[in-house]
Amino acid sequence: MIKILCSITGILWLLSAYSQSLTQTIKGQVTDEQSGAPVIGATVLILESDPPMGGITDAEGFFKIENVPIGRQSIGISYLGYEPITIPNVLVGAGKEVVVNGKLRESLEQLDEVVVTISEQQKGQPKNELATVSAISLGMDEISRFPATFNDPARAALMYAGVQTGGDDLLNEIVIRGNSPKGILWRLEGVEIPNPNHFTSIGSSAGGISMLSNNMLANSDFFTGAFPSQYGNATSGIFDLQLRQGNFERHEHTVQLGLLGVAAASEGPMAGNSRASYLFNYRYSTLAMLTQLGLEILGEQEEINFQDLSFKIKVPSKKIGTFSFWGLGGKNSYRFLPDLTNGDWENDREDQTTAVAGMTNVIYVSDDSFFETIVSTSYNLITNKYDSLEQLTYEEQDFVESQLRFSTFYNHKLSARHTLRFGAILSRLSYDLTNTYWDRENEVYMTPLDEKDHAGFYQAFGNWQIRTSDQFTLNTGLHFSHFALNGKSYVEPRLGFKWDRGTHTFSGGLGMHSRMETVALYTARQITSDGRIVQNNKDLGFTQALHAAIGYEKMLKPKLRFKSEIYYQYLFNVPVWPNDTTSNHRLLTFSALNTFDGYTPDELANDGTGKNYGLEFTLEQFLSNGFYMLTTTSLYRSLYTGSDGIERSTQFDGGYIFNFLAGKEYKVGRNGNNSIGINGKLIFAGGKRQAPINVSASINEGNTVYRYEDNYGLKLNGYFRMDFGISYRKNKKRTTSVISLDIQNLTQRENEFFRYYNIRGGGIESEAQISFFPNLSYRIEF
């Protein structure tokens, strides 16, 4: 493997030949951080450029700087009466124009002269101005640069403090601060959406391949706790993703070929000088294409197919604000075919279809206030089918979930010191679940499950931001949730602060949060032994959590930042098995905090509790002279109590997480127009937990028997993974091409998935996770 990597590096160096000096255009918009209004007359500079280069924003806050040399550039933005900002290390390529948007915060102090210098302190700060702690901004440049992320925000989040894999490297499932992955909220364009992943399951927040594309995404926020008041229905973490606007002046295109898919993206203006634009991306499975050509990469028994589409159309108007029409959709299937040579005639098929679309309107009612309104709809279908070569269906399950949402909020900047934001979210949640199987004895189809229902979910929030000085900001807020199906309501106060002392910053957050299960859990019906039909969980409440976090941040050097956070989370009203209905230890130790997905019609009770607490450290070397580094360490505990009243470790209680990421960019070519990037990543974390195995009982019964009275008492071996990535970026006139190789689990370590008792072998053995996964891709922008 080392010889292969060295050979690839050598080839890439040889590919870098003479190239002319190339330039590109940088443009964007500058707005007020609190009101969102355009800042007119702001100065935008290319820092350390010779000769000096820059521009001034127009009446709508837009600027354009032409003939900027390609490569890494740092941008400074300033305006009298506002605090200046720096956007460092912007990657400028020859293929596409670069869009950089900046937000300026009005200063409370009199500034006679504004001096802009290169500063990295603002890098990684969340886009949401209400976020103070446990939040970062996921940059698309970082997602593309980090090895083995495959342009997936969830996989990229693994590098940050408090985040680890869910226990299966085949999926992008993540565990945040010991919480179940089910507690993660996905948002797109400001509204909640279904799980945006291929090959997922009912109630899950993850999947095998993300439907999201880095061709579409703008820099987005990722939260690990203590969320601001505008966010609800989350107890673990939040991905608040934004789609970028297409280029409204020039048509541009991207084509990408890789082992995970073939994609094409296009963007450009729609009507004259109106600044209306379109942007779309389509991708189709490479494996499916190769199979259709007769190349059986996975063998003759497996078929995998997926495709996805995303789009955004932005249309400004003069009187009724700006409209955005956006959407995301995906379709995938997995089929396991029978081996006819062994007389096997049965096959298994899983299909999934996901679609979400929305319309957003932003309208300013004054220079300091605006309304943002979103109407969205979503649809999710998961089908599992088990048949005999599609001649006779033995069993089929269809799960349909759909949502219709109306979301609106009003933002008003009273002054530089005070900003108000309040809004509401109205949701109609529907589902349709059927299960049919073939009764072989009576030769008739049976339908034990045929459920169709809906429920209303209503949320409201308010936030008051108070700035006592340029250094201190306080956010106070309240989030309210009401579940119409059972009439339960939740009032959740939130508090956050940030105290910026220049080279070091203190921050904190405190708040109540809640999360609903899949709506099918509350509405599913069950037939009792006496023939009655009951809804066991109609009155089940939401899981609730109290989050508290304190953070400290210090710039050790101009490009070296240290961060630490200490947090405590107390979870209560957690769904568990009712303690007066069973003596089975597996059920007595059950808790929703240990589940990844699924639902049950069986009765549950809000009698469980849990707690997570820990300490996190981050040391980050920002990109300088082509080198960057990020290392994080997390020490934590994750505990829960089931219906038996005994406190135990959750299955995610690994105890520690250590991540190390580093990379280097080398300029190549006579004018340095091209570059080679080499990136490496290490993950070392405590193993997941499971119930110990009862060896004697397993021998007697002929299958694995677990000791559930000591559930999650067995800790699996520590998790270790090394990822590697190498890329070559070549710029030519009006085109940029990138060829890259990413390898997940370079050392091919077989991390434990779970343990079982092998009856034939007569001992305890381990099932391993995926050991090695490479992805070679080629991308061209023009």
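Just above, that's the structure.
How each quantity is defined
Residues numbered from 1 in each chain as written. Predicted model: local features only at pLDDT ≥ 70, side-chain atom pairs only at ≥ 80, totals over all residues. Heavy atoms only, no water. Helix = DSSP H or I, 4+ residues; strand = E, 2+ residues; numbered from the N terminus. Rg over C-alpha atoms; globule rule 2.2 N^0.38 Å. Buried < 20%, exposed > 50% of the residue type's maximum accessible area, 1.4 Å probe, protein only. Contact = heavy atoms within 4.5 Å. Areas by Shrake-Rupley, 256 points an atom, 1.4 Å probe, with all protein chains shown as cover. Lys, Arg positive; Asp, Glu negative; His and termini not counted. Charge placed at Lys NZ, Arg CZ, Asp CG, Glu CD. Polar contact = N/O pair within 3.5 Å; in protein donor to acceptor, adjacent residues only side chain to side chain. Pairing = 2+ DSSP bridges. Salt bridge = Lys/Arg side-chain N within 4 Å of Asp/Glu carboxyl O. Axes fitted to C-alpha atoms, helices over the stretch in contact; angles between N-to-C directions.

Colleague: So, the overall build of the chain: which residues are in play, and what are the values?
Modeller: For the chain, the helix and strand inventory stands at 7 helices and 47 strands. A globule of 782 residues ought to have a C-alpha radius of gyration of about 28 Å, and the chain, at 27 Å, matches this closely. If you line up the chain on its principal axes, its C-alpha atoms span 85 × 60 × 50 Å. Within the chain, buried positions represent 54% of all 782 residues. When contacts within the chain are restricted to residue pairs at least 6 apart in sequence, those whose partners lie at least 24 apart make up 65%. Carbon and sulfur atoms provide 55% of the accessible area of the chain, an area that totals close to 33100 Å². Where the 69 positive side-chain charges of the chain centre and where its 84 negative ones centre are 8 Å apart.

Colleague: Give me the lowdown on the side chain of Asp169, citing residues and values where you can.
Modeller: Position of Asp169 relative to the elements: it lies in the loop between strand S11 (163–165) and strand S12 (174–176). Look at Asp169 and you get buried, because its relative accessible area is 3%. A distance of 3.3 Å separates the side chain of Asp169 from the side chain of Arg721, its partner in a polar contact. Aside from chain neighbours lying at most four places away, what touches Asp169 is Arg155, Tyr719, Arg721, Gln744, Asn751, Gln769 and Ile770.

Colleague: If you had to explain the sheet that holds strand S17 (residues 220–223) to someone new, which residues and values would you point to?
Modeller: Here 5 strands make up an open sheet; going across it, the order is S10-S17-S18-S13-S14 and the pairing mixed. This sheet does not close on itself; its edge strands, each paired only once, are strand S10 (135–138) and strand S14 (191–192). Judged from the 4 bridges that link them, S10 and S17 form a sheet pairing that is antiparallel. In the strand pairing of S17, Ile136 is matched with Phe222.

Colleague: Mind laying out the pattern of salt bridges, listing which residues take part and the relevant values?
Modeller: Inspection of the entire model under this criterion finds 39 salt bridges. Its salt-bridge partner being Glu97, residue Lys27 comes within 2.8 Å of it at the nearest N-O pair. Here Glu97 lies in the loop between strand S7 (85–92) and strand S8 (98–99) and Lys27 lies in strand S1 (residues 23–32), a separation of 70 residues in the sequence. Among the residues examined, Lys27 registers a relative accessible area of 4% and is labelled buried. By relative accessible area, Glu97 is classed as buried at 14%. Each of Lys27, Lys64, Glu97 and Glu249 takes part in a single network of salt bridges with overlapping partners.

Colleague: Could you give an account of the sheet that holds strand S5 (residues 71–78), naming the residues involved and the relevant values?
Modeller: Here 4 strands make up an open sheet; going across it, the order is S3-S2-S5-S7 and the pairing antiparallel. Bordering the open sheet on either side are strand S3 (53–56) and S7, each of which pairs with just one other strand. Along the sheet, successive strands turn relative to each other by an average axial angle of 20 degrees, direction set aside. Across 6 bridges, the pairing between S5 and S7 is antiparallel.

Colleague: Lay out the side chain of Gln651 with the relevant residues and their values.
Modeller: For Gln651, the position within the fold is in the loop between strand S38 (647–649) and strand S39 (656–668). In this structure Gln651 comes out as buried when scored by relative accessible area, which is 13%. Engagement of the side chain of Gln651 in a polar contact is seen with the backbone oxygen of Asn594, the distance being 2.6 Å. Leave out the neighbours within four places in its chain, and Gln651 touches Asn594, Phe596, Lys688, Arg689 and Tyr712.

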